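Overview (structure and organization)
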2 protein chains.
Amino acid sequence: MHSSAQHDELVYFPSWTAGRNGYADRIRQLFQEYHQKQGLRMTKQRNRILDYLLNTDHHVDMNEIYNALKGHGVGKVTVFRALKMLQEAKLVERVHDSDGRARYEVQHERPHHDHLVCVQCGRIQEIQWPQIEKIQDKTCKDVGFERTFHRHEVSGDCKDCRKKNTAAK
Amino acid sequence: MHSSAQHDELVYFPSWTAGRNGYADRIRQLFQEYHQKQGLRMTKQRNRILDYLLNTDHHVDMNEIYNALKGHGVGKVTVFRALKMLQEAKLVERVHDSDGRARYEVQHERPHHDHLVCVQCGRIQEIQWPQIEKIQDKTCKDVGFERTFHRHEVSGDCKDCRKKNTAAK
DNA sequence: ATACATGCAAACGTTTTGCACTTAG
DNA sequence: CTAAGTGCAAAACGTTTGCATGTAT
């Protein structure tokens, strides 16, 4: 699987960012299997919605998907219901941005990752922090807390926006 | 201030958890000063809302405050506007829960802290993780990201709940 | 006295549902 | 053919605003 050395350092650009197509195909397969298992029907709308999700590298909201696809016979409600279905299938995860609005991302069968969220351009950069996970584990053990999940978001200004800022002066 | 040794280890029960009253008084003072500076008026409603916030140990939403105070001449809209004002005064911070609903907490003039959230009893244990902050700083510098804020929540089962679970068997 | 604060009701934006029509299997 | 899927419009939901009334200064 993710065969490259799993050392203890930070991994800024995780290995799974490569080979995205194989990954996308795997999701599409699970998507189909879920339909069969649940007696659901594949439609062009659902396929387009999943495609959109698989071809984006950031967390999208319902409207973004709707706007991108509305010319192609996909309604807002369908996007809503497809996203709901995809969540039930555990293929998409719902998160919320800093204003509390819902955003979605393809659920990754891959190492847990944290987020660098740019407050200017909204871009979300994903990062793996194995060191931090280790520290968490140790502390949790010490205080008798059993960790099941964690959310770690760092907000600030990304490289590009900072460059623009200084250029604008 | 927080005079105790600021070493690099985890601090499970930070020093500022003691002396909560002094802390509350400080906030009330800033609250009053903000009113004077801005030419605002102190009202019983606003005082009650601030008191409620100061006497709770978890992140509350508008409705919780409203329900607690509606018998005492405090309307929903007033809670809303008071919270808005408190945010402008930098005394209250607005966050969002996992469903995207707004929640509020008194803004702490104290070291940044992270949260251990028990999914069973809902209790939130606060933790300082200076080691983790260090790692963040280093990574952010490496990728050219300027960190302004971070949110770090670890979910799981707390010591007490786990004890209860095994006892129940 | 006079701004500022309050609370009702109504506007708002987003998410969700009811229902008649369409379509994949 | 028929149960599932779609899309419109409308309900539901939380948040926010307009305006007449109340009140701290």
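Our structure's up above, just so we're on the same page.
Residues numbered from 1 in each chain as written. Chains lettered and ligands numbered in written order. Predicted model: local features only at pLDDT ≥ 70, side-chain atom pairs only at ≥ 80, totals over all residues. Heavy atoms only, no water.

Another aspect to go through is the protein's contact with DNA strand D. The environment of DNA strand D is formed by 20 residues, the closest being Arg-41, Thr-43, Thr-78 and Arg-81 of chain A together with Phe-80 of chain B. Each atom of DNA strand D within 4 Å of the protein was classed as base or backbone; sugar and phosphate made up 68%. Within the side chain of Arg-46 of chain A, a nitrogen or oxygen atom sits 2.6 Å from a phosphate oxygen of DNA strand D. Measuring from a base oxygen of DNA strand D, one finds a side-chain N or O atom of Arg-81 of chain A at 2.6 Å. Elements that contribute at least two residues to the surface near DNA strand D include exactly α2 (44-54) and α4 (76-88) of chain A together with α4 (76-88) of chain B. Class assignment of the residues belonging to the surface near DNA strand D gives a composition of 7 nonpolar, 6 polar and 7 charged. (Near = heavy atom within 4 Å. Polar contact = N/O pair within 3.5 Å; in protein donor to acceptor, adjacent residues only side chain to side chain. Helix = DSSP H or I, 4+ residues; strand = E, 2+ residues; numbered from the N terminus. Nonpolar A, V, L, I, M, F, W, Y, C, P; charged D, E, K, R; others polar.)

Next up on the list: the packing of α2 of chain A against helix α3 (residues 62-69) of chain A. Residue and element names in this part refer to chain A. Contact pair α2 / α3: the axes reach a minimum separation of 11 Å and the direction vectors enclose 115°. By crossing handedness, the relation of α2 to α3 is classed as right-handed. Contact with α2, carried on its side by Arg-48, Ile-49, Tyr-52 and Leu-53, involves Glu-64, Ile-65, Ala-68 and Leu-69 of α3 and no other residues of that element. Partitioned by chemical class, the residues of the contact of α2 with α3 number 6 nonpolar, no polar and 2 charged. (Axes fitted to C-alpha atoms, helices over the stretch in contact; angles between N-to-C directions. Left-handed = near helix turned anticlockwise from the far one by under 90°. Contact = heavy atoms within 4.5 Å.)

By themselves, these are just geometric observations and shouldn't be taken as functional.
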